[in-house]
Amino acid sequence: FLFFHHVPFSNYRSKSYQYWRLFTDKYWKILLILSLIWCYYAWVSVRWAGWYGTEMKPRCRVPEPELEDMRLIGRQTKDILDRHNLTHVLGFGSLWGALRIGDILPWDMDIDILVILDRNTDIYGVIDMLVKEMKEKGMDVHYRDWVGIIQGYSPVYKSQLDLSFWCDYYGTGTMHRCSGKEAWVFSIQHRMKMIFPARLVKTPLPTLNFINQTWTVPREGLELQKLHYPSDWWQRRVRA
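Criteria and thresholds
- Residues numbered from 1 in each chain as written.
- Predicted model: local features only at pLDDT ≥ 70, side-chain atom pairs only at ≥ 80, totals over all residues.
- Heavy atoms only, no water.
- Pairing = 2+ DSSP bridges.
- Helix = DSSP H or I, 4+ residues; strand = E, 2+ residues; numbered from the N terminus.
- Core = buried A, V, L, I, M, F, W, Y, C linked by side-chain atoms within 4.5 Å.
- Buried < 20%, exposed > 50% of the residue type's maximum accessible area, 1.4 Å probe, protein only.
- Contact = heavy atoms within 4.5 Å.
- Salt bridge = Lys/Arg side-chain N within 4 Å of Asp/Glu carboxyl O.
- 1 Å grid on protein atoms, 1.4 Å probe; cavity = no way out; pocket = protein on both sides within 12 Å on 5 of 7 lines; lining within 4 Å.
- Points joined across faces, edges and corners; volume = space filled by probe spheres on them.
- Nonpolar A, V, L, I, M, F, W, Y, C, P; charged D, E, K, R; others polar.
- Phe/Tyr/Trp six-rings, centres within 6.5 Å; stacked < 30°, edge-to-face > 60°.
- Lys NZ or Arg CZ within 6 Å of the ring centre and 35° of its normal.

1. Looking at the pairing of strand β8 (residues 207-210)
The pairing of β8 with strand β9 (residues 213-216) spans four bridges and is antiparallel. Paired with Leu208 across the two strands is Trp215, which belongs to β9. Counting the residues in the hairpin turn of β8 and β9 gives two residues, including Ile211, whose phi is positive at 45°.

Rendered as structure tokens:
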């Protein structure tokens with residue numbers, strides 16, 4: 001400070017000083033732009049709906065033929081998962097259905113199944129196998145690489161079933177979605193609303209009746225729903 005205090009003012013206008021001012025001006029502008037980009041990314045990531053909080057206008061009641069079609073592809077998919085000894089549990093709206101009425105909720109538009117994999121599993125090999133065998137059952141099947149889920153549709157009414165894939169990706173006792181790009185791009189939202197403790201899907205798993213079959217469900221009752229529906233899980237009453 002003392003050194004610069006005794007330097008003539010004209011020396012501050014030297015080329016080196018001008019270059020330094022130019023560099024620092026650009027540096028702060030770049031830093032400001034990057035900060036704004038980060039804030040926007042964080043805002044979008046937190047607001048990104050994923051499964052929970054999606055702005056949808058579901059029908060008050062799905063017609064029974066469509067529900068029956070949904071039950072059919074649910075049973076067919078469960079048979080495939082069981083045959084290959086793939087651990088799976090009901091999730092999201094389908095878990096509410098199993099907890100409340102033992103069936104698909106009358107207004108639910110799909111069946112949600114969480115496939116639990118070891119982190120060393122060839123995930124995309126499993127996905128390819130499931131897509132192939134679901135197609136052999138007559139379903140219209142697509143793997144959605146962005147969200148990392150398999151979507152199967154019944155041939156008649158296009159009733160929908162979603163398979164998502166989860167593993168303890170980092171070996172820390174926390175389950176993450178282990179396929180697709182969405183969970184990485186919107187990692188803040190994923191960590192806030194999607195991840196859950198691995199203990200909830202540790203085998204052996206409890207079972208509930210669902211679509212006239214015995215399905216495995218997460219441990220500890222409503223604990224998974226409390227994490228996936230943090231703002232209103234207590235309003236969704238479960239049958240006694």
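Let us keep going from here.
2. Quick notes on the nonpolar core
With 50 residues, the main nonpolar core has Leu130, Ile150, Leu163 and Phe165 as its most contacted residues. If you list the elements that add at least two residues to this core, you get α3 (64-83), β1 (88-90), α4 (92-100), β2 (110-116), α5 (123-136) and β5 (160-167). Ignoring sequence-local partners within four residues, the contact set of Phe165 consists of Val115, Leu117, Val126, Ile127, Leu130, Gly148, Ile150, His176, Arg177, Cys178 and Ser179.

3. Brief notes about the pattern of salt bridges
Applying the stated criterion across every chain, the model contains twelve salt bridges. Among the ionic pairs, Arg83 bridges to Glu133, the shortest N-O distance being 2.4 Å. On the criterion of sequence distance, the pair formed by Arg83 in helix α3 and Glu133 in helix α5 is long-range, its members being 50 residues apart. For Lys158, the salt bridge is made with Asp140, and the minimal N-O distance between the two is 3.9 Å. Linking Lys158 in the loop between β4 (149-153) and β5 with Asp140 in strand β3 (residues 140-144), this pair joins segments that are 18 residues apart in sequence. The partly exposed category is assigned to Asp140, whose relative accessible area is 31%. Each of Glu64, Glu68, Arg71, Arg75 and Asp103 takes part in one network of salt bridges that share partners.

4. Regarding the environment of Tyr153
Relative to the elements of secondary structure, Tyr153 occurs in strand β4. When its relative accessible area of 15% is taken as the criterion, Tyr153 is described as buried. As a C-alpha pair, Tyr153 and Lys135 span 18 residues in sequence and 9.7 Å in three-dimensional space. If sequence neighbours within four positions are ignored, Tyr153 has contacts with Met139, Asp140, His142, Arg144, Lys158, Ser159 and Gln160.

5. A look at the layout of surface pockets
Here the second largest pocket is characterised by a volume of approximately 160 Å³. Contributing to the lining of the second largest pocket are Thr87, Ile116, Leu117, Asp118, Arg119, Asp168, Met175, Ala198, Val201 and Lys202. For the lining of the second largest pocket, the class distribution of residues is five nonpolar, one polar and four charged.

6. As for the side chain of Gln225
Tracing the sequence through the fold places Gln225 in helix α8 (residues 223-228). Given the relative accessible area of 0%, Gln225 is considered buried. With residues near it in sequence (within four places) discarded, Gln225 still touches Phe92, Leu95, Trp96, Leu99 and Trp233.

7. Looking at the packing of aromatic side chains
Under the defined criterion, the tally for this structure stands at five aromatic pairs. Taking 5.1 Å as the distance between ring centres and 75° as the angle between the ring planes, the aromatic pair formed by Tyr169 and Tyr170 counts as edge-to-face. On the basis of relative accessibility, which here comes to 36%, the residue Tyr169 falls in the partly exposed class. Overall, the relative accessible area of 40% leaves Tyr170 in the partly exposed class. Geometry around Trp215 places Lys78 over its ring, the cationic atom sitting 5.7 Å from the centre.

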